[in-house]
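So the chains spell out like this:
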Amino acid sequence: DAKTTQPPSMDCAEGRAANLPCNHSTISGNEYVYWYRQIHSQGPQYIIHGLKNNETNEMASLIITEDRKSSTLILPHATLRDTAVYYCIVRPSGSARQLTFGSGTQLTVLP
Amino acid sequence: GAVVSQHPSWVICKSGTSVKIECRSLDFQATTMFWYRQFPKQSLMLMATSNEGSKATYEQGVEKDKFLINHASLTLSTLTVTSAHPEDSSFYICSATMDRAREKLFFGSGTQLSVL
């Protein structure tokens, strides 16, 4: 699976948008971009995923560049409860394969 | 969304004893489940892939005789840490994928194991 690169940590003011970047320059054509987050001492929580089009759901928006080599997860109005480690993962679609976690980005939402 | 239930949430045991962790998919069938381990301040590391009705596939460096995995039904997988030692203390997390929608993996809430 393609490797991803994320900044180790970011801060965001409560109520502001949090923009978390991810580089995946070796992504293959059949690989989706997934975002999960892990709040301390809990299991990872699915946020969103996409192939090449931008995606939006009730939690976040995912912006994927046209060449698919990078993406940005946007939390439109961050709250203190969004403080977590955010993982960007690429994985082939349609297979029962595991997710391979990198080190992620520790997002801290400040009051 | 789909729910994966993991039990217990935390367990403390004496060195040399065995501990069983259960992972259930509550509202979907999961042919495949995955077991991860996470040490403090580290990322999740895949331990094994559990397939219903067949033997689990273990990642390199994970002892299959120490970490026994049973996936006897489409909704239940168990991980047994046999003869646990303090170095086995970790956060264990299971995940499952829905057969009909394999794009998503859903995770349990994790089990914190502390071996004294």
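Residues numbered from 1 in each chain as written. Chains lettered and ligands numbered in written order. Predicted model: local features only at pLDDT ≥ 70, side-chain atom pairs only at ≥ 80, totals over all residues. Heavy atoms only, no water.

A. Examining the pattern of salt bridges more closely. What the rule picks out here adds up to three salt bridges over all chains. For arginine 37 of chain A, the salt bridge identified is with aspartate 82 of chain A, shortest N-O distance 2.8 Å. Of the two residues, arginine 37 of chain A is situated in strand E3 (residues 31–38) and aspartate 82 of chain A in the loop between strand E7 (70–75) and strand E8 (84–92); the sequence distance between them amounts to 45 residues. Neither arginine 37 of chain A nor aspartate 82 of chain A differs from the other in exposure class; each is buried. A salt bridge links lysine 66 of chain B to aspartate 88 of chain B, with the shortest nitrogen-to-oxygen separation between them at 2.9 Å. Residue lysine 66 of chain B is found in the loop between strand E6 (57–58) and strand E7 (67–73), and its partner aspartate 88 of chain B is found in the loop between strand E8 (76–81) and strand E9 (90–98); the two are separated by 22 residues along the sequence. (Salt bridge = Lys/Arg side-chain N within 4 Å of Asp/Glu carboxyl O. Helix = DSSP H or I, 4+ residues; strand = E, 2+ residues; numbered from the N terminus. Buried < 20%, exposed > 50% of the residue type's maximum accessible area, 1.4 Å probe, protein only.)

B. Structural view of the interface of chain B and chain A. Listed as interface residues are 17 residues of chain B and, on the opposing side, 20 residues of chain A. Taken over both partners, the interface formed by chain B and chain A buries close to 1500 Å², and the fraction arising from carbon and sulfur atoms is 59%. Linking chain B with chain A are zero salt bridges, by the criterion used here. Taken together, the links from chain B to chain A amount to five residue pairs in polar contact (both at pLDDT 80 or more). Elements with a contribution of two residues or more to the side of chain B that touches chain A: strand E4 (32–38), E9 and strand E10 (101–107) of chain B. No other element matches the five residues that E10 of chain B contributes to the side of chain B that touches chain A. (Contact = heavy atoms within 4.5 Å. Buried area = accessible area lost by both parts, 1.4 Å probe. Polar contact = N/O pair within 3.5 Å; in protein donor to acceptor, adjacent residues only side chain to side chain.)

C. Representation of the sheet that holds strand E4 (residues 45–50) of chain A in the model. All names here are of chain A. A sheet is described by the order of its strands in space; here five strands give the open sequence E1-E9-E8-E3-E4, paired in mixed fashion. Strand pairing shows two members of the sheet lacking a second neighbour, strand E1 (9–13) and E4, which therefore form its edges. Strand-to-strand twist of the sheet, defined as the mean angle between neighbouring strand axes without regard to direction, takes the value 25°. Inspection of the sheet shows E3 paired to E8 by eight bridges, in the antiparallel sense. In the sheet register, tyrosine 32 faces E8, and the bridge partner there is arginine 91. (Pairing = 2+ DSSP bridges. Axes fitted to C-alpha atoms, helices over the stretch in contact; angles between N-to-C directions.)

D. Region of the structure containing the state of the cysteines. As enumerated under the stated definition, the model contains two disulfides over all chains in all. Each sulfur of the disulfide joining cysteine 22 of chain A and cysteine 88 of chain A lies 2.1 Å from the other. Between cysteine 22 of chain A and cysteine 88 of chain A, the S-S dihedral sits near -80°, and the bridge is therefore left-handed. Of this pair, cysteine 22 of chain A sits in strand E2 (residues 18–23) while cysteine 88 of chain A sits in strand E8; the two residues are 66 residues apart in sequence, bridging distant segments of the chain. Across the pair, exposure class does not vary: cysteine 22 of chain A and cysteine 88 of chain A are buried alike. The disulfide bridge from cysteine 23 of chain B ends at cysteine 94 of chain B, spanning 2.0 Å between sulfur atoms. Classification of the bridge connecting cysteine 23 of chain B and cysteine 94 of chain B rests on its S-S torsion, roughly 80°, and on that basis the disulfide is right-handed. (Disulfide = S-S within 2.5 Å.)

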